[in-house]
Amino acid sequence: SWRKRVRRAARDSGMQAQPATTPEEEVRFARRVAGLEGFGHRQSTSAQERRAAEHLAGSLRSLGLEVTVEPFNGSASMAARLLVHVLVAAAGAVLVRAAPVVSLVLSWAALSSLVAEQMTWGAWLSWFLCRSPSQNVVGRMPANVAPARRIVVSAHYDTQTGGWVWPAFNRV
């Protein structure tokens, strides 16, 4: 099972098992979560996102992790980036009878760009939307011994609203 694999990887990396949480730890955790909620909506590339990144980096450092902040240019709206691809593909669909070669080129460009952007190979069609500074925060705990396996934990610290697509989940 995946739990056994995680335990084995943790053991092989030299990590020590931690005891179960105590009621005091649960209260500290609840306070910490309440403090994080104080950041409010952390839209990508916003000042709140930058503050959350600084807070996260500080928290990881306080745990003894090696922290690296990786800057990159991002976009405040994933929906706008997707819309660019949809519009290019729609233009190709409209031109399918009048100009099939142009239709094919536009459809290929939309699909290729979308795949490339989702694979993080770069921003092709939506490059003009990706000009705002953002950052990844990486925390690394070096192993005490040469690890046979690695554990990678990944999460987003920015938030996006659901807009009209997911109104029930449009809460921070």
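Everything numeric here is computed off the predicted structure, so don't read it as measured data. (Residues numbered from 1 in each chain as written. Predicted model: local features only at pLDDT ≥ 70, side-chain atom pairs only at ≥ 80, totals over all residues. Heavy atoms only, no water.)

Participant: Just to check I follow, could you spell out a nonpolar patch on the surface for this structure?
Facilitator: Together, L111, V115, M119 and W121 make up an exposed nonpolar region whose accessible area comes to about 450 Å². By secondary structure assignment, the location of W121 is in the loop between α5 (100-118) and β2 (132-140). (Patch = residues over 30% accessible without salt bridge, like charges linked within 9 Å, V, L, I, M, F, W, Y side chains within 5 Å. Areas by Shrake-Rupley, 256 points an atom, 1.4 Å probe, with all protein chains shown as cover. Salt bridge = Lys/Arg side-chain N within 4 Å of Asp/Glu carboxyl O. Helix = DSSP H or I, 4+ residues; strand = E, 2+ residues; numbered from the N terminus.)

Participant: What is the right way to look at the nonpolar core in this model?
Facilitator: General note: in soluble globular proteins, nonpolar side chains tend to be found buried as a group. Ranked by size, the top nonpolar core spans eight residues in total: F39, A52, A53, A57, L60, V67, V137 and Y157. Per element, the largest residue contribution to this core is four residues, and it comes from helix α3 (residues 47-62). If we skip the residues at most four places from it in the chain, L60 touches L65, V67, V137 and G139. (Core = buried A, V, L, I, M, F, W, Y, C linked by side-chain atoms within 4.5 Å. Buried < 20%, exposed > 50% of the residue type's maximum accessible area, 1.4 Å probe, protein only. Contact = heavy atoms within 4.5 Å.)

Participant: What exactly am I supposed to notice about unusual backbone geometry here?
Facilitator: Most peptide bonds take the trans form, and the phi angle of most residues other than glycine is negative. In this structure, T45 takes a positive phi of about 70° despite not being glycine. Inspection of the secondary structure assignment puts T45 in the loop between α2 (23-37) and α3. Despite not being glycine, T120 shows a phi value in the positive range, around 60°. Mapped onto the elements of the fold, T120 is located in the loop between α5 and β2.

Participant: I tried to follow α5 on my own but got confused; where do I start?
Facilitator: Spacing of three or four residues puts side chains on the same side of an α-helix, whose turn is 3.6 residues. Over its 19 residues, α5 runs 27 Å from end to end, which matches the ideal 27 Å to within 8%, given 1.5 Å per residue. Here α5 has its buried residues at S103, A110, S112, S113, A116 and E117. Where α5 is buried, its residues touch α4 (78-94). With its phi angle positive at about 60°, T120 sits one or two positions after the end of α5. (Expected span 1.5 Å × (residues − 1).)

Participant: What is the right way to read the pattern of salt bridges from this model?
Facilitator: When the charged atoms of two side chains lie near each other, side chains of opposite charge can form a pair. For the coordinates displayed, the defined rule picks out two salt bridges. For R140, the salt bridge is made with E66, and the minimal N-O distance between the two is 3.4 Å. Taken together, the positions of R140 in strand β2 and E66 in strand β1 (residues 66-74) put the pair 74 residues apart, joining distant regions of the chain. Among the residues examined, E66 registers a relative accessible area of 43% and is labelled partly exposed. As a salt-bridge pair, E117 and R81 come within 2.8 Å of each other at their nearest N and O atoms. With E117 in helix α5 and R81 in helix α4, this residue pair connects regions lying 36 residues apart in the sequence.

Participant: Looking at this structure, I do not really get the packing of α4 against α5. What am I missing?
Facilitator: The description of two helices packed together rests on the angle between their axes and the distance between the axes. For the pair α4 and α5, interaxial distance at closest approach is 6 Å and the crossing angle is 160°. When the interaxial angle is binned, α4 and α5 end up roughly antiparallel. Between α4 and α5 the crossing geometry is left-handed. Across from M78, R81, L82, H85, V88, A89, A91, G92 and A93 in α4, the residues of α5 making contact are S103, L106, S107, A110, S113, L114, E117 and Q118. (Axes fitted to C-alpha atoms, helices over the stretch in contact; angles between N-to-C directions. Parallel < 35°, antiparallel > 145°, perpendicular 65-115°, else oblique. Left-handed = near helix turned anticlockwise from the far one by under 90°.)

Participant: Help me out: how do you make sense of the packing of aromatic side chains in this one?
Facilitator: To describe a pair of aromatic rings, you give the distance between the ring centres and the angle between the ring planes. One pass over the structure, following the stated rule, counts one aromatic pair. Ring plane angle 85° and centroid distance 5.9 Å describe the contact between W127 and F128, whose orientation is recorded as edge-to-face. (Phe/Tyr/Trp six-rings, centres within 6.5 Å; stacked < 30°, edge-to-face > 60°.)

Participant: What am I meant to see in α4 here?
Facilitator: In a regular helix each residue adds 1.5 Å, so 17 residues correspond to 24 Å; α4 covers 24 Å between its end C-alpha atoms and thus fits that length. If you check which residues of α4 are buried, you get R81, V84, H85, V88 and G92. Each buried residue of α4 sits inside an arc of 85° when the element is viewed along its axis, so together they form one side. More than 90 degrees from the buried face of α4, the exposed residues found are A79, V86, L87, A93 and V94. Turning to α4, the residues buried within the fold contact α5. The N-cap of α4, judged by a side-chain oxygen 3.4 Å from the amide nitrogen of A79 a few residues on, is S77. (Arc of directions from axis to C-beta. Polar contact = N/O pair within 3.5 Å; in protein donor to acceptor, adjacent residues only side chain to side chain.)

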